[in-house]
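Residue-level structure breakdown
Letter by letter, the chains look like this.
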Amino acid sequence: MSIHSPITFTVPLSWEAQVQAQHHRAQQVTLEKAKKAYLNTLAVYAVDYYLRCLGFKPDLSRSDCTDQISLHFLDIADLLLPNLGKLECRPVLPGAEVLEIPSEVHEDRIGYLAVQFTQSLKQATILGFIPDPLHQVPLSHLKSLATFPEFLHDLRQTTVVEQLEPFQGSAVVELGQWLEGVVSTGWQTLDTLLNYHPQCVMLRSQPGLEDGQLVTLLDTADQAAHTSKVKLVDLGLQLGEQTVMLMLTLALKEDRTLSTQVRIYPARHEHLPPQLQLRMLSETGDVLQEVWSRGQDNYIQLKPFSGERGDRFRLQMALDEICVTENFVY
Amino acid sequence: MNQAHTEDETLQQLAIQAQKSPPQSPERHQCLQQLVSDILHSGKLGHPAIGNYPREVYEELYNEALQRTLIKVCTKIDQYNCAHPVMAWVNHSLKYTFIDVEQSRYRHGMTYIAGSMKNQILGCSLDDLDHPPPTPNRDDQSDADRLRQFLVEDPEGCLRKVYVRNRPEITFQRVAIAIYVEDQSWTQLSESLDISLPTLHSFFNRNLQKLKPYFKKYILP
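Every value quoted in this text rests on a predicted model; they were computed, and no experiment measured them.

**Section: the overall build of chain B**
Within chain B one finds 10 helices and two strands. Helices and strands appear in chain B in the N-to-C order α-α-α-α-α-α-α-β-β-α-α-α. Expressed as a percentage of its 221 residues, the buried residues of chain B come to 46%. The contacts of chain B with a sequence gap of at least 6 include a subset with a gap of at least 24, amounting to 63%.

**Things to note about the environment of Q173 of chain B**
Residues and elements named next belong to chain B. Relative to the elements of secondary structure, Q173 occurs in helix α8 (residues 172-181). Since its relative accessible area comes to 12%, Q173 is described here as buried. Each C-alpha atom of the pair Q173 and R160 lies 5.1 Å from the other, and the pair is 13 residues apart in sequence. For Q173, the side chain forms a polar contact with the main-chain oxygen of L151, separated by 2.9 Å.

**Side note on the environment of D297 of chain A**
Residues and elements named next belong to chain A. Mapping D297 onto the fold places it in the loop between β15 (287-292) and β16 (300-301). Considered as a pair, D297 and C323 are 26 residues apart in the sequence and their alpha carbons are 20 Å apart. Setting aside residues no more than four positions away along its own chain, D297 makes contact with E270, H271, L272 and W292. Within the structure, D297 has its side chain in polar contact with the backbone nitrogen of R294 (distance 2.7 Å).

**A few points about the nonpolar core**
One recurring pattern in soluble globular proteins is that nonpolar side chains are buried together. Ranked by size, the top nonpolar core spans 117 residues in total, and within it L51, F73 and F148 of chain A together with I39, L151 and F215 of chain B carry the most contacts. If you tally residues by element for this core, the top one is helix α2 (residues 31-54) of chain A, at 14 residues. Ignoring any residue separated from it by four or fewer positions in sequence, one finds L151 of chain B in contact with F73 of chain A together with L159, Q173, A176, I177, Y180, V181 and F215 of chain B. In this structure, L252, M280, L302 and Y330 of chain A belong to the second largest nonpolar core, which totals 27 residues.

**A closer look at the interface of chain A and chain B**
Taken together, the contact between chain A and chain B spans 59 residues of the former and 72 residues of the latter. Each partner contributes to the roughly 5,900 Å² buried at the junction of chain A and chain B, and carbon and sulfur atoms together form 61% of this total. By the criterion of area lost to chain B, the three top residues of chain A are W15, F73 and R294 of chain A, representing 15% of everything that side buries. Our enumeration of links across chain A and chain B arrives at five salt bridges. One salt bridge connects E60 of chain B with K122 of chain A, and the closest N-O pair in it is separated by 2.8 Å. Our count for the contact surface shared by chain A and chain B stands at 27 residue pairs in polar contact (both at pLDDT 80 or more). Among the secondary structure elements, those contributing two or more residues to the side of chain A that touches chain B are β1 (9-12), α1 (15-26), α2 and α3 (148-163) of chain A. Per-element accounting of the side of chain A that touches chain B gives the leading share, 10 residues, to α2 of chain A.

**Considering the state of the cysteines**
Using the criterion set out here, one finds zero disulfides over all chains in the structure. Here C53 of chain A is not cross-linked by a disulfide; its sulfur's nearest cysteine counterpart is in C74 of chain B, at 3.9 Å. Exposure remark for C53 of chain A: the relative accessible area of 1% places this residue in the buried category. Of the residues examined, C74 of chain B reaches a relative accessible area of 3% and is grouped as buried.

**Notes on helix α10 (residues 197-219) of chain B**
Residues and elements named next belong to chain B. Relative to the 33 Å expected for 23 residues at 1.5 Å per residue, α10 spans just 28 Å between its end C-alpha atoms, considerably shorter than the ideal helical length. At L211, α10 shows its largest bend, some 55°, and a proline, P213, comes one to four positions later. Residues L197, L200, H201, F203, F204, N207, L208, L211, K212, Y214, F215 and I219 constitute the buried set of α10.

**Some thoughts on the sheet that holds strand β2 (residues 78-81) of chain A**
Residue and element names in this part refer to chain A. Ordered by their spatial adjacency, five strands build an open sheet running β1-β6-β5-β3-β2, and the pairing between neighbours is mixed. Here the strands that pair on one side only, and so sit at the sheet edges, are β1 and β2. For this sheet, the mean inter-axis angle between neighbouring strands, taken without regard to orientation, is 30°. Pairing of strand β5 (residues 111-117) with strand β6 (residues 123-130) involves six bridges; the strand directions are antiparallel. Counted as the bridge partner of F117 is A124 from β6.

What counts, and where the lines are drawn
Residues numbered from 1 in each chain as written. Chains lettered and ligands numbered in written order. Predicted model: local features only at pLDDT ≥ 70, side-chain atom pairs only at ≥ 80, totals over all residues. Heavy atoms only, no water. Helix = DSSP H or I, 4+ residues; strand = E, 2+ residues; numbered from the N terminus. Buried < 20%, exposed > 50% of the residue type's maximum accessible area, 1.4 Å probe, protein only. Contact = heavy atoms within 4.5 Å. Polar contact = N/O pair within 3.5 Å; in protein donor to acceptor, adjacent residues only side chain to side chain. Core = buried A, V, L, I, M, F, W, Y, C linked by side-chain atoms within 4.5 Å. Buried area = accessible area lost by both parts, 1.4 Å probe. Salt bridge = Lys/Arg side-chain N within 4 Å of Asp/Glu carboxyl O. Disulfide = S-S within 2.5 Å. Expected span 1.5 Å × (residues − 1). Bend = angle between axes of the 7 residues up to and from the residue. Pairing = 2+ DSSP bridges. Axes fitted to C-alpha atoms, helices over the stretch in contact; angles between N-to-C directions.

Structural data, given as structure tokens:
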């Protein structure tokens, strides 16, 4: 990788950013508040742009600094990352050596980014970040943006775990019973699903699905019995928008462990939406495996895994803000 | 080896590495971050139609086109074909994005990017911020009055009903007026009211969120 300079991120500021900044500036009654409104708005747009370049989906519409009320009272520049929390985007003037973080934003933020402007205010450079606020932070003490993606990633991991309900008391699919022919609610054979959901006709032509059975990577010589079941899962904000089919194949091995293969197919389209995430978690929420779709994928799958009677795990499917968890016990 | 060739190889490596990393992974984010930085520092970005506009107008159009192009590069990195040099791909996108930007300039009637008078360029510089906006908007003036009036009158009494626990004299209304109408600083206010700054902020922020619908009802057109 090239090492031109310490990692910062320079953003040309868009028309929209400047128009919005002017708009907020014009609403303020004092020169000082007007200046802050302008710079804070630009800083938020700069960070929003940076995050979108990296593939995140910040929600500008939920910033307090753009609600036309907050800026009259507070020197804030907040930007929400849904499911994670708010980042504060602080302007830094050219030649400044210190990042100032006003007291009104010391709470309710997952981190603070320093955004330095050029004199012309046409460009902004994100210099770095700190997770915890101080009133004044020397710029040299900022953490490098090189570690920012990992920082957000770690935050996301902990946030997800906190949102999981305890295993006890949630609906649990008993996989051990599948081989005895017991049907779990919501799960069916591929054939049955296709009969009841003719709109999922695309599934018939997907690779790996033949005669309603998953072409398995599991070692068939080793198995006493196997079965495949599927379930439709809705991952869109609107019903039917992003329906996928979760497919689980089980094979009972000679040593009585159950080998498991998990795949997700799109239910109504040829390809999965991009950035669909499939994870396998332990009972306590540790991420054991995860895969992502890219946008041209017919399916995604986890590496096969196995367990014994009584072992528990969870599968999580996430797309944008929607996250669905299924609990299993062998 | 040719310098330009080596630099583009580096860009290619970054692009390929980004493609190989799962979307949303820290590895991909880091690659994209470095890739954008390197593209901007490459000195190889094209300048479509540079002769067609006065300098300041061109800068504005170009800035906008560049901004849109870079985000496309990032969000569509999976579509990059490594048989072509990265800069060729970027400049190709930039050329067509520039055309879109030229068209939207007219379509959205952004007539204040006239370029004939300095003050009519979109956006302002740091120096401009030290002076009041050139043409004060009459609507904005009345918005300011409306907010002041709302805070003072508190038509439904909601602002004065809310106060800091055990300090009934510190109502939300009093704080809002001090900050907005009297232009006090938070520090000044916390000292004069003899209340800690974090407590004051926490009280105000929490209640502002709850009172927003009330505000919007009376002050937004």
